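# Analysis of the macromolecular model
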Amino acid sequence: MVGTGGPVDTFSVWDYVVFAATILGAAGIGLFQAIRSRKESSSAEFLLGGRQMTAVPVAMSLTASFMSGITVIGTPAEAYRFGAAFWLFGFSYAIMSAITAEIFVPLFYRLGITSAYEYLELRYSRPIRIIGTSMYIVQTALYTGLVIYAPALALNQITGLDLWGVLVATGAVCILYCALGGLKAVIWTDVLQMVIMLAGFVAVIARGAVLQGGLTKIWKDAGEGGRLEAFDFDPNPLKRHTFWTIVVGGSIMWTSIYSINQSQVQRYISCKTLGHAKMSLYVNMVGLWVTVSLAVFSGLTMYSIYKNCDPLTNRDISTPDQLLPYLVMDMLAIFPGIPGLFVAAAYSGTLSTVSSSINALVAVTVEDFILPVCKTLTQRQTTVMNMGLSVFYGALCIGMAGVASLMGSILQAALSIFGMISGPLLGLYLSGMLFRTTNSIGGLVGMVIGLILTLWVGIGGQIYPPTEDKTNPLPLSTAGCNYTNGQDYTTLAPWTSPVPTQPDVRPPLADSWYSLSYVYLSLLGMLTTMTTGLLVSAMTGGCKQEKINPDLFVKKSDLICFSWCSKSEDSEVKEKDMTDFYSGADNLSYRNYDMKSKDVEKSTRL
């Protein structure tokens, strides 16, 4: 009987068929794009889709890139254990979309960059660009390893799928369509995978509603269990999730992910007009709302079913990340192929994130490390190099899955990685975009100090996890379990993870500094970098003696977001006098405009 504990079924033949069909479908899209674009093998075509993408597919790809298997598995488990507070990230998504679309997109778009880190060289210096790119590579490799390993482990222990066999198969498929199809293959595959992800959530909610007697009953159970008390206005920064940590800290965290992360930047600068680029972020915002809403409601559905028999406390599963796979096999195994759809949904998220990461890693490696040194590469050599790097980074990400196995809760660990590294980087970008006085010395010192602080807090929080009075787990029960593995458990006890156990001796900082909400890591890194950078720049003379290209700063015209650029790029440039798109950068990879002599003179003066 569903919801009463005990072993669950494993995959049927039809589940394997549905799962395999999804993987083959993703590979097929990549191969189709490779064949379709075989005559257009330029680096711009491979890395940026020829800059001819439109808003809707790019928006779905933006959503799928970070709505990974971690989201499919981790977010429902979060709602089940801690309630619906995670839904408040919807406010963060709206703030992030506005900041990214109105400040970062116009700047990157008019500079015509391929790598987001080209900006750091144009504004500061080449060494800072190399440092920024290296930080991104380390962050992305760690995150992608987590994305590959954690869903695979959870699904392996529930469905019986071979762990490393699926890991290698996942990596091989991503390598195939990234190496052959480039960014177009990645984006169109993301569209398919996004649809499958949402279908998986809908299947869980629909079946749960049937079992529980309707969506109203699920909502009522969630309310009685305290899962709907999302608006906690306590300003304490040590509490894991409050309104302020999520809206303030979450907005900065997601801005650092979408505004300067190469995986995202590469998508919106692939759009054929600035209007499409901006619109892709606003459509993506709606996609994020839908995804997080379905994920959270899936968690509430899970609570309604297991409110009297928690599988984790009952030792039916060993980690929180196995909750949703366990639920799927418990209530959907009687429908052959449906559990396969869910596994396909989780792995579609994994595929979309891994392929996005591989393509972005190739882009920054080529643009930031190889082309500045090897300027005489032929088109064929560049194409072969792009494919070879796709294979290399695919293998590296699979290897990093082993490192990811040492981390705790996948959702929090994934977001913590971005907070620790992207926060200081965001501070470096904002210092350069908003303040003319910030110089290379100040920017570098500020970023280093910001990075040291965030790593100190983030790693300390992993070693000494916050206590339950900071994380606020909600009560769960095993009173209704028919199968208890022969052990006696206290009912209505807050959830406590069997692993990792907290150290016996906790230093004084463990309950203060190390207990800072992981959502605030980005904000801490950003503010530290900007404040320190400005102070050091002031002490070292600022940029008064340097002539800085005005295109490297935020302009008032960037903030006008109500126009839809439906005209062709050539007429758009002519009418708006946007010849400054390409000034100040000798090595920019995108030169599709025929500039007139007057335009060249203006760029030279700048």
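The structure reproduced in this document is the subject of the present report. (Residues numbered from 1 in each chain as written. Predicted model: local features only at pLDDT ≥ 70, side-chain atom pairs only at ≥ 80, totals over all residues. Heavy atoms only, no water.)

## Considering the pattern of salt bridges
- Counted by the stated rule, this structure contains ten salt bridges.
- For the salt bridge of Asp 221 with Lys 217, the shortest nitrogen-to-oxygen distance reads 2.8 Å. Of the two residues, Asp 221 and Lys 217 both sit in helix H9 (residues 215-224), four residues apart, roughly one turn of that helix.
- Taking the relative accessible area as the measure of exposure, Asp 221 reaches 5% and is therefore buried.
- Two residues, Lys 239 and Asp 232, come together in a salt bridge whose shortest N-O distance is 2.7 Å.
- We classify Lys 239 as buried; its relative accessible area is 13%.
- The exposure class of Asp 232 is partly exposed, given its relative accessible area of 24%.
- When salt bridges that share partners are traced, they join Glu 121, Arg 126, Arg 129 and Asp 368 into one network. (Salt bridge = Lys/Arg side-chain N within 4 Å of Asp/Glu carboxyl O. Helix = DSSP H or I, 4+ residues; strand = E, 2+ residues; numbered from the N terminus. Buried < 20%, exposed > 50% of the residue type's maximum accessible area, 1.4 Å probe, protein only.)

## Examining the packing of helix H5 (residues 89-111) against helix H10 (residues 243-260)
- One way to put it is that H5 packs onto H10 with a least axis distance of 8 Å and a crossing angle of 35 degrees. You can see that H5 and H10 cross each other, and the crossing is right-handed. Each of Phe 89, Phe 91, Ser 92, Tyr 93, Ile 95, Met 96, Ile 99, Thr 100, Phe 104 and Phe 108 in H5 lies in contact with H10, whose residues at this interface are Ile 246, Val 247, Gly 250, Ser 251, Met 253, Trp 254, Thr 255, Tyr 258, Ser 259 and Ile 260.
- Classifying every residue of the contact of H5 with H10 gives 14 nonpolar, six polar and no charged. (Axes fitted to C-alpha atoms, helices over the stretch in contact; angles between N-to-C directions. Left-handed = near helix turned anticlockwise from the far one by under 90°. Contact = heavy atoms within 4.5 Å. Nonpolar A, V, L, I, M, F, W, Y, C, P; charged D, E, K, R; others polar.)

## A look at the environment of Asn 236
- Inspection of the secondary structure assignment puts Asn 236 in the loop between H9 and H10.
- Considered as a pair, Asn 236 and Leu 516 are 280 residues apart in the sequence and their alpha carbons are 9.2 Å apart.
- A polar atom in the side chain of Asn 236 sits 3.0 Å from the backbone nitrogen of Leu 238. (Polar contact = N/O pair within 3.5 Å; in protein donor to acceptor, adjacent residues only side chain to side chain.)

## Here's the deal with the nonpolar core
- Within the largest apolar cluster, 143 residues are counted, with the highest numbers of intra-cluster contacts made by Phe 104, Phe 108, Tyr 119, Leu 120, Trp 254, Tyr 268 and Tyr 429.
- Here Phe 108 is in contact with Ile 113, Ala 116, Tyr 119, Ser 259, Val 265, Tyr 268, Ile 269 and Tyr 429, once residues within four sequence places are set aside. (Core = buried A, V, L, I, M, F, W, Y, C linked by side-chain atoms within 4.5 Å.)

## Things to note about the packing of helix H17 (residues 440-463) against helix H19 (residues 521-539)
- Packing of H17 against H19 leaves a shortest axis separation of 7 Å and a crossing angle of 150 degrees. With respect to each other, H17 and H19 are oriented roughly antiparallel. Crossing of H17 over H19 shows right-handed handedness. In this structure, H17 uses Ile 441, Gly 442, Gly 443, Val 445, Gly 446, Met 447, Ile 449, Gly 450, Leu 453, Thr 454, Val 457 and Gly 458 to contact H19, whose residues at the interface are Leu 521, Leu 524, Gly 525, Thr 528, Thr 529, Thr 532, Gly 533, Val 536 and Ser 537.
- Classifying every residue of the contact of H17 with H19 gives nine nonpolar, twelve polar and no charged. (Parallel < 35°, antiparallel > 145°, perpendicular 65-115°, else oblique.)

## Overview of the state of the cysteines
- One pass over the full model with this rule turns up one disulfide.
- There is a disulfide in this structure between Cys 309 and Cys 481, and the S-S distance comes to 1.9 Å. The sign of the 110 degrees torsion about the S-S bond sets the Cys 309-Cys 481 disulfide as right-handed. Placement of Cys 309 in the loop between helix H12 (274-306) and helix H13 (323-332) and of Cys 481 in the loop between strand S1 (475-476) and strand S2 (493-494) is noted, with a sequence separation of 172 residues between them. (Disulfide = S-S within 2.5 Å.)

## A few points about helix H4 (residues 69-82)
- The first and last C-alpha atoms of H4 sit 20 Å apart over 14 residues, in line with the 20 Å expected at 1.5 Å per residue.
- Judged by how many residues are buried, H4 sits mostly within the fold: 14 of 14 residues are covered.
- In the segment just after H4, Gly 83 is the residue with positive phi, at about 95 degrees. (Expected span 1.5 Å × (residues − 1).)

## Quick word on the packing of aromatic side chains
- Counted under the stated rule, the structure contains 22 aromatic pairs.
- With a centroid separation of 5.2 Å and 80 degrees between ring planes, the pair formed by Phe 11 and Tyr 16 is classed as edge-to-face.
- Ring geometry for Tyr 464 and Tyr 514: centres 6.1 Å apart, planes at 5 degrees, overall stacked. Residue Tyr 464 is located in the loop between H17 and helix H18 (468-471), and its partner Tyr 514 is located in the loop between S2 and H19; the two are separated by 50 residues in the primary sequence.
- Overall, the relative accessible area of 12% leaves Tyr 514 in the buried class.
- Clustering of aromatic rings is evident, with ring pairs tying together Trp 87, Phe 91, Phe 231, Phe 233, Phe 243 and Trp 244.
- Lying over the aromatic face of Phe 553, Arg 436 brings its terminal NZ or CZ to 4.2 Å of the ring centre. (Phe/Tyr/Trp six-rings, centres within 6.5 Å; stacked < 30°, edge-to-face > 60°. Lys NZ or Arg CZ within 6 Å of the ring centre and 35° of its normal.)

The values reported here are purely geometric and, on their own, carry no functional implication.
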